[in-house]
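# Structural overview
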Amino acid sequence: MTSQIPQPAGWPFIGNVLDIVTSFSCESFHRLAQQHGEIYQLNLLGRKLILVSSHALVDELSDDKRFKKAVGGALMEARDLLHDGLFTAFNHEANWAVAHRLLSPSFRTSAVQQTFDGMREICADLVGKWMQNDDRAPIDLTIDFTRLALDTIAYCTMSYRMNSFATDEPPRFSEAMSAFLRECNGRANRPYLLNILMRGRNAAYCSNIEYMRGVAKAIIAERQCGVRKGQQDLLHALINGRDPKTKGGLSDSEIADNVLTFLLAGHETTSATMSFAIYYLIKYPDVLRKLQAEIYAVVGDQSIEYEDLARLHYLTAVLRETLRLQPPAFVRVVYSVEDTTVAGGKYAIAAGSGIALLIRETQRDPAVWGTDANEFCPERMMNGRFERLPPNAWQPFGYGARGCIGKNFSWQEMKLVLCTLVQQFDLALADPAYELELSQAMTIKPKNLSIRALPKRRKW
Ligand code: HEM
């Protein structure tokens, strides 16, 4: 005998739409999880969504045979731009497998290592900007990390210089991408007819799509004209690669889909994680002191080298703990392959049901992380404790075949950048009273986070 999955009382026709602040669903899902427990369901304009927030349920649902990635809601809207690119492809679409096979070699550790010097070059742009900030004006951290992560992904995977540090304006591409993703969220949660009537929004949505596809076309055209023709990077694999299985390649439009996919997936999450990490380091001075000591011991006052990365164990723990408390991709959605039950047979789930795994909630589940689950404590990620965690307790990079392909890339970038900044600057909040606020498009990042960065007189 199964039990009814709890559901807040809704309204006729619209169901539970008013329970969700669509521009900030992360907070709404959290509030509802506090009220209804580890599993609840919502009726969103007739679309049923089940949401789970305990580690036990996320662990059970992390099973590729029973539950697969769902491309619905905002992700479905994002297909207007990305089509069947790697991130937004349906599981059955042939192009996902082709692109995955073509691109996986570009993300092996040895291939990512080749991008180290490029990452260091872009990091030098950021350091240069902060060094020249003579009047020590507050720095909008998320914007600078957006510049950095966008330039890094474009340069290190496509050998294309975005030069986002050349202007004081926020990078146009990332502004267009954020506006597009916010609108994807909005469209997914509004009735179809209302979407049609919102002409102003639709015009902005289409013009952002057009602008971003123009950028992708320019990147591809430059390479096809022979610029950096011999460069063996991800763009080379997209343009010239032939799938070992089908012997086929990708069309120009499919190449553009994946260029945009990487520009999107490769910068939002990485820049958000680095912003959260700096926030926690400033808020927890003991952690910052410990990290400084490790950096001085391993790197000293020299430029960081690739070999240093593996020896920065405390920095690894800081990043793991940041990604536990603030996973930028705070939710991932799966669907049930067949009729099934979960929680030891307690709840029935029909085939095809969408289930949102609230990773930001799970990664704070006291059953795994204890009563201080909300505290920032990198020590819980060290000395074998991370390796002994229960399966799927820490899942910021997703799961299985549809998990993050860029994990090694982002890890290398984040360690290089954070090490360099901690080594070279004294960091403080511009407003010492600032408490973390979130802003949300498809992912979350800190809102209104300004810092001051004072170059260290002596590096140690
Ligand atoms: C997929 C997180 C950095 C490229 C994913 C997924 C997550 C994730 C959770 C799975 C999404 C789902 O199930 O719907 C992160 C985090 C990052 C990061 C937290 C940084 C801290 C990157 C970077 C790249 C990248 C740097 C590119 C270089 C992708 C792609 C996919 C993906 C292409 C789709 C994979 C597929 O479906 O086959 N990422 N990501 N990510 N990520 Fe990342």
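In case you missed it, the structure is sitting above this.
Residues numbered from 1 in each chain as written. Predicted model: local features only at pLDDT ≥ 70, side-chain atom pairs only at ≥ 80, totals over all residues. Heavy atoms only, no water.

## Some remarks on the coordination of the iron atom of the ligand
- Among all protein atoms, only Cys404 (SG) binds the iron atom of the ligand, sitting 2.3 Å from it.
- Tracing the chain through its elements places Cys404 in the loop between helix 18 (366-369) and helix 19 (407-424). (Donors = N, O, S within 2.8 Å, 3.2 Å for Na, K, Ca; no water. Helix = DSSP H or I, 4+ residues; strand = E, 2+ residues; numbered from the N terminus.)

## Some remarks on the packing of helix 14 (residues 285-298) against helix 19
- Where helix 14 meets helix 19, the closest approach of the two axes is 10 Å, and the angle between their N-to-C directions is 100°. By the angle between their axes, helix 14 is roughly perpendicular relative to helix 19. Across from Leu288, Leu291, Gln292, Ile295 and Tyr296 in helix 14, the residues of helix 19 making contact are Cys419, Val422 and Gln423.
- Looking at the contact of helix 14 with helix 19, its residues break down into 6 nonpolar, 2 polar and no charged. (Axes fitted to C-alpha atoms, helices over the stretch in contact; angles between N-to-C directions. Parallel < 35°, antiparallel > 145°, perpendicular 65-115°, else oblique. Contact = heavy atoms within 4.5 Å. Nonpolar A, V, L, I, M, F, W, Y, C, P; charged D, E, K, R; others polar.)

## Section: the sheet that holds strand 4 (residues 139-140)
- Read across the open sheet, the 3 strands follow the order 4-12-9; overall the sheet is antiparallel. One side of each edge strand has no neighbouring strand; the edge strands of this open sheet are strand 4 and strand 9 (425-429).
- Sheet topology places strand 9 next to strand 12 (residues 450-455); 5 bridges connect them, and they run antiparallel. Pairing of Leu429 across the sheet is with Ile451, part of strand 12.
- Strand contacts of helix 13 (residues 268-283): strand 9 and strand 12, with the helix running at about 85° to strand 9, the strand carrying the most contacts. (Pairing = 2+ DSSP bridges.)

## A short note on unusual backbone geometry
- Non-glycine residue Ala343 carries a positive phi angle of around 60°.
- In this structure, Ala343 sits in the loop between strand 6 (340-342) and strand 7 (347-349).
- For Asn392, which is not glycine, the phi torsion reads 65° and is therefore positive.
- Considering the arrangement of structural elements, one finds Asn392 in the loop between helix 18 and helix 19.
- You can call Asn392 buried: its relative accessible area is 19%. (Buried < 20%, exposed > 50% of the residue type's maximum accessible area, 1.4 Å probe, protein only.)

## Concerning the site of the ligand
- Taken together, 25 residues lie around the ligand, and Lys69, Leu86, Trp96, Arg402 and Cys404 are the ones closest in.
- Between an oxygen atom of the ligand and a main-chain N or O atom of Leu86, the distance comes to 3.2 Å.
- Measuring from an oxygen atom of the ligand, one finds a side-chain N or O atom of Trp96 at 2.7 Å.
- Listed by contribution, the elements that provide at least two residues to the shell around the ligand are helix 12 (252-265), helix 13 and helix 19.
- Within the shell around the ligand, the residues separate by chemical class into 14 nonpolar, 8 polar and 3 charged. (Near = heavy atom within 4 Å. Polar contact = N/O pair within 3.5 Å; in protein donor to acceptor, adjacent residues only side chain to side chain.)

## Things to note about the packing of helix 13 against helix 14
- Relative orientation of the contacting elements helix 13 and helix 14 amounts to 105°, with a least axis distance of 5 Å. The pairing of helix 13 with helix 14 is recorded here as roughly perpendicular in orientation. Residues Leu281, Ile282 and Lys283 of helix 13 form the contact with helix 14, whose own contacting residues are Pro285, Val287, Leu288 and Leu291.
- Looking at the contact of helix 13 with helix 14, its residues break down into 6 nonpolar, no polar and 1 charged.

## Quick notes on the nonpolar core
- Within the largest apolar cluster, 112 residues are counted, with the highest numbers of intra-cluster contacts made by Trp130, Phe180 and Val259.
- By residue number, the principal contributor to this core is helix 19, which donates 9 residues.
- Beyond its immediate chain neighbours, meaning those up to four positions away, Val259 contacts Met158, Ala216, Ile219, Ile220, Leu235 and Leu238.
- One finds Cys26, Tyr40, Leu42 and Leu44 within the second-largest nonpolar core, a separate group that totals 18 residues. (Core = buried A, V, L, I, M, F, W, Y, C linked by side-chain atoms within 4.5 Å.)

## Section: a nonpolar patch on the surface
- A cluster of nonpolar side chains, Tyr192, Leu193 and Ile196, forms an exposed patch at the surface whose accessible area comes to about 380 Å².
- Of note, Leu193 is situated in helix 9 (residues 192-197).
- On the accessibility criterion, Leu193 (62% relative accessible area) is exposed. (Patch = residues over 30% accessible without salt bridge, like charges linked within 9 Å, V, L, I, M, F, W, Y side chains within 5 Å. Areas by Shrake-Rupley, 256 points an atom, 1.4 Å probe, with all protein chains shown as cover. Salt bridge = Lys/Arg side-chain N within 4 Å of Asp/Glu carboxyl O.)

Structural measurements only, silent on function.
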